[in-house]
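# Results of the structural survey
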Amino acid sequence: MNGRKLPFLPILFMCALAAAAYGIYKNVDFEEVEYSVGYSDEARKNKFLAAGRLMESEGFTFEIGKDRGVFSELDLSSTGVLWMRDINELEDIREAEHILAWVKSGGILLTSSIGDMPFGKSTVPGWLLGQLGIKGISEEDEESDKFYASFQSGDYYLSIPDEGLTHSDFQMHSEIEPYFQIKSRLPEGSTNIIDSPYLVHNKLDKGYFTLYADYEQFDNDRISSRGRGYLLLWLIQPAKTQHITMLFRPASKPGLFTVLWGRFSLAILLLGVALIGFLRWAAARLGPVEQELPPVNNNIMAHLAARGEYWHRHKHTNKVLTNVQKATLEQITASGGLRLSGEENISQRDMAIKQVVAKLDCTPAQAEQILYGEPRNSTTLLRVTQALQRLNHRNLFKSNN
């Protein structure tokens, strides 16, 4: 090796590693252990998630209804599938009436009753089930051969009347006792397809209705056993629109203001700004803001202020102003030694204007406007009123002296 030394130590170290790896491989056994990781957040919120994934594989789409608006928004012209986990969620007879009309127009309703609550007296779910041809079982029904085996064992063999299926028998199992059956006389337009203590499937006009006793029948952890998934697909296969709305515990229907704010928030904000501007404009006062007088002395002032506001609001301010101008002219004439007749001449008018010019230090045009003019707007009215007040005040003070 051209005088170079052989690397014994690295070679020995690599051989030792290889021997150790081979020894571990031959002497250590690996065992696979399965453990439960629990449900995901989505599966906890949606107990029909596995069923929804199964139906998606067959071309269906699904959504979860959030509030009670689902009942009133059912489209009678484009029907799909409404899957209610508990029919006891119905609280308003109008909801039940709309669902009934929707089923008759071609919709498919799947639901469970979760106990015998719907079959009580005067309940909304009980009314709907009665219209769909379902009634509760009585004590005599429980003693019949049809229900005896179901009560004892919890198993029931369900047969689907469809010759096109290769597998039409299903074994239903539930710890919940059966408590409903079809009526002896079905509603007009209704046909029974499956009659069993655990599941009833009827056709009503153009739609279908399915009621099952075990509300967990198609949940995530049970859909894969006993052919339940296959049965579910068969129940919904006549749907006109391949869309499924799942409903668990719907919230209350949002109020009018919530709907308006959600859809027209920008318009509401603009209207609010316009309202604030209008209130600001309407709150503007004519003239300076004066300090309120004490309660003992403000009775006559409040009366005069209210009367003035009334005349101004009804467009009669000029009439009041004319009287003030006439009284002021009389004061000026009396102080200047002029005598006014019924029809004053030009010299008297000019003399009155000259006195106003001298007292207020204004132009003859302004003095004529003060004594004889009609104000065109609120600003002119305020200016003329202030000038007349000054003239009357000066004449009155002079005469008292």
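Everything here concerns the structure above.
So, here is what we can say about the structure in this document. Every value quoted in this text rests on a predicted model; they were computed, and no experiment measured them. (Residues numbered from 1 in each chain as written. Predicted model: local features only at pLDDT ≥ 70, side-chain atom pairs only at ≥ 80, totals over all residues. Heavy atoms only, no water.)

### Observations regarding the overall build of the protein chain
Spelled out, the test is: The numbering of helices and of strands both runs from the N terminus, where a helix is a DSSP run of H or I of at least 4 residues and a strand a run of E of at least 2. Every accessible area reported is derived by Shrake-Rupley at a probe size of 1.4 Å, with residue values counting cover from the shown protein chains alone.
For the protein chain, the helix and strand inventory stands at 16 helices and 11 strands. Carbon and sulfur atoms provide 55% of the accessible area of the protein chain, an area that totals close to 26700 Å².

### Some words on unusual backbone geometry
Keep this limit in mind: Residue exposure (1.4 Å probe, protein chains only): buried if accessible area is under 20% of the type maximum, exposed if over 50%, otherwise partly exposed.
The phi torsion at aspartate 205 lies on the positive side, around 55°, for a residue other than glycine. Its place among the elements puts aspartate 205 in the loop between strand E9 (199-204) and strand E10 (207-212). The class of aspartate 205 is partly exposed, set by a relative accessible area of 35%. Non-glycine residue aspartate 361 carries a positive phi angle of around 55°. Its place among the elements puts aspartate 361 in the loop between helix H14 (346-360) and helix H15 (364-372).

### With respect to the environment of proline 178
Mapped onto the secondary structure, proline 178 falls in the loop between strand E6 (169-173) and strand E7 (180-182). By relative accessible area, which is 1% here, proline 178 ends up buried. Considered as a pair, proline 178 and tyrosine 198 are 20 residues apart in the sequence and their alpha carbons are 5.8 Å apart.

### Thoughts on a negative patch on the surface
Definition in use: Like charges within 9 Å and nonpolar side chains (Val, Leu, Ile, Met, Phe, Trp, Tyr) within 5 Å are joined into patches, using only residues over 30% in relative accessible area that form no salt bridge. Any Lys or Arg side-chain nitrogen found within 4 Å of a carboxyl oxygen on Asp or Glu counts as a salt bridge. Counted as positive: Lys and Arg. Counted as negative: Asp and Glu. His and the chain ends are not counted at all. Where a charge sits is defined by one atom per residue type, namely NZ (Lys), CZ (Arg), CG (Asp) or CD (Glu).
Taken together, Glu139, Glu140, Glu142, Glu143 and Glu177 make up a surface patch of like negative charges. Note on placement: glutamate 177 falls in the loop between E6 and E7. Residue glutamate 177 is classed as partly exposed on the basis of its relative accessible area of 49%.

### Observations concerning the packing of aromatic side chains
As a reminder, the rule being used: Side-chain rings of Phe, Tyr and Trp (the six-membered ring for Trp) are treated as a pair once their centres are within 6.5 Å; stacked means planes under 30 degrees apart, edge-to-face means over 60, and tilted covers the remaining angles. Remark: a charge is flagged as sitting over a ring if the NZ atom of Lys or the CZ atom of Arg is within 6 Å of the ring centre and within 35 degrees of the ring normal.
Taken as a whole and judged by the stated rule, the model has six aromatic pairs. With 3.8 Å between their ring centres and 10° between their planes, phenylalanine 48 and tryptophan 83 make a pair best called stacked. In this pair, phenylalanine 48 sits in the loop between helix H2 (41-45) and helix H3 (49-56) while tryptophan 83 sits in strand E2 (residues 81-84), placing the two residues 35 residues apart along the sequence. Tryptophan 83 shares its class with phenylalanine 48; the two are buried. Between tyrosine 179 and phenylalanine 180, the aromatic rings sit 5.4 Å apart at their centres with planes inclined by 80°, giving edge-to-face as the arrangement. Across from the ring centre of tyrosine 208, 5.7 Å away, lies the NZ or CZ of lysine 203, which sits over that ring.

### Some thoughts on a nonpolar patch on the surface
Together, Phe257, Leu260, Trp261, Phe264, Ile268 and Leu269 make up a nonpolar patch on the protein surface, roughly 640 Å² of accessible area in all. Ranked by residue count, the leading element in the nonpolar patch is helix H10 (residues 256-263), at three residues. Examined against the element boundaries, isoleucine 268 turns out to sit in helix H11 (residues 265-282). Residue classification places isoleucine 268 among the partly exposed residues on the basis of a relative accessible area of 34%.

### Topic: the pattern of salt bridges
Close approach of charged atoms allows side chains of opposite charge to pair. Tallied over the full model, the rule gives seven salt bridges. For arginine 222, the salt bridge goes to glutamate 216, with nearest N and O atoms at 3.6 Å. With a closest N to O distance of 3.0 Å, glutamate 368 and arginine 349 form a salt bridge. A residue pair is termed long-range when its members are at least 10 positions apart, and glutamate 368 in helix H15 and arginine 349 in helix H14 qualify at 19 residues. One continuous salt-bridge network, built from bridges that share partners, spans Asp214, Glu216 and Arg222.

### Considering the packing of helix H5 (residues 93-104) against helix H6 (residues 124-131)
Heads up, the rule is: For helices, the fitted axis covers only the stretch in contact; all axes are lines through C-alpha atoms, and the angles between them, taken along N-to-C directions, range from 0 to 180 degrees. The scheme is simple: roughly parallel for angles under 35 degrees, roughly antiparallel for over 145, roughly perpendicular for 65 to 115, oblique for anything else. Each helix crossing is assigned a hand: it is left-handed if the near helix lies turned anticlockwise from the far helix by less than a right angle, otherwise right-handed if that turn is clockwise. A contact between two residues is defined here by any heavy atoms of the two lying within 4.5 Å. Under the scheme applied here, ten amino acids are nonpolar (Ala, Val, Leu, Ile, Met, Phe, Trp, Tyr, Cys and Pro), four are charged (Asp, Glu, Lys and Arg), and all others, including Gly, are polar.
Two numbers describe how H5 lies on H6: the axes approach to 9 Å, and their chain directions differ by 25°. Our classification of the angle between H5 and H6 gives roughly parallel. Taken as a pair, H5 and H6 cross one another with a handedness that is right-handed. For the pair H5 and H6, the contacting residues are Ile93, Ala96, Glu97, Ile99 and Leu100 in the first and Val124, Trp127, Leu128 and Gln131 in the second. Across the contact of H5 with H6, the residue classes tally to seven nonpolar, one polar and one charged.

### Overview of the sheet that holds strand E11 (residues 243-247)
Operational definition: One bridge is not enough; two strands pair if DSSP finds at least two bridges between them.
On the basis of which strands lie adjacent, the open sheet formed by seven strands has the order E1-E11-E2-E3-E10-E9-E8 and mixed pairing. For this open sheet the edge positions go to strand E1 (61-64) and strand E8 (190-195), each flanked by a neighbour on one side alone. The mean angle between the axes of side-by-side strands here comes to 15°, regardless of whether they run parallel or antiparallel. Pairing geometry for strand E3 (residues 108-112) and E10, over five bridges, is parallel. Opposite threonine 111, over in E10, you have leucine 211 as the bridge partner.

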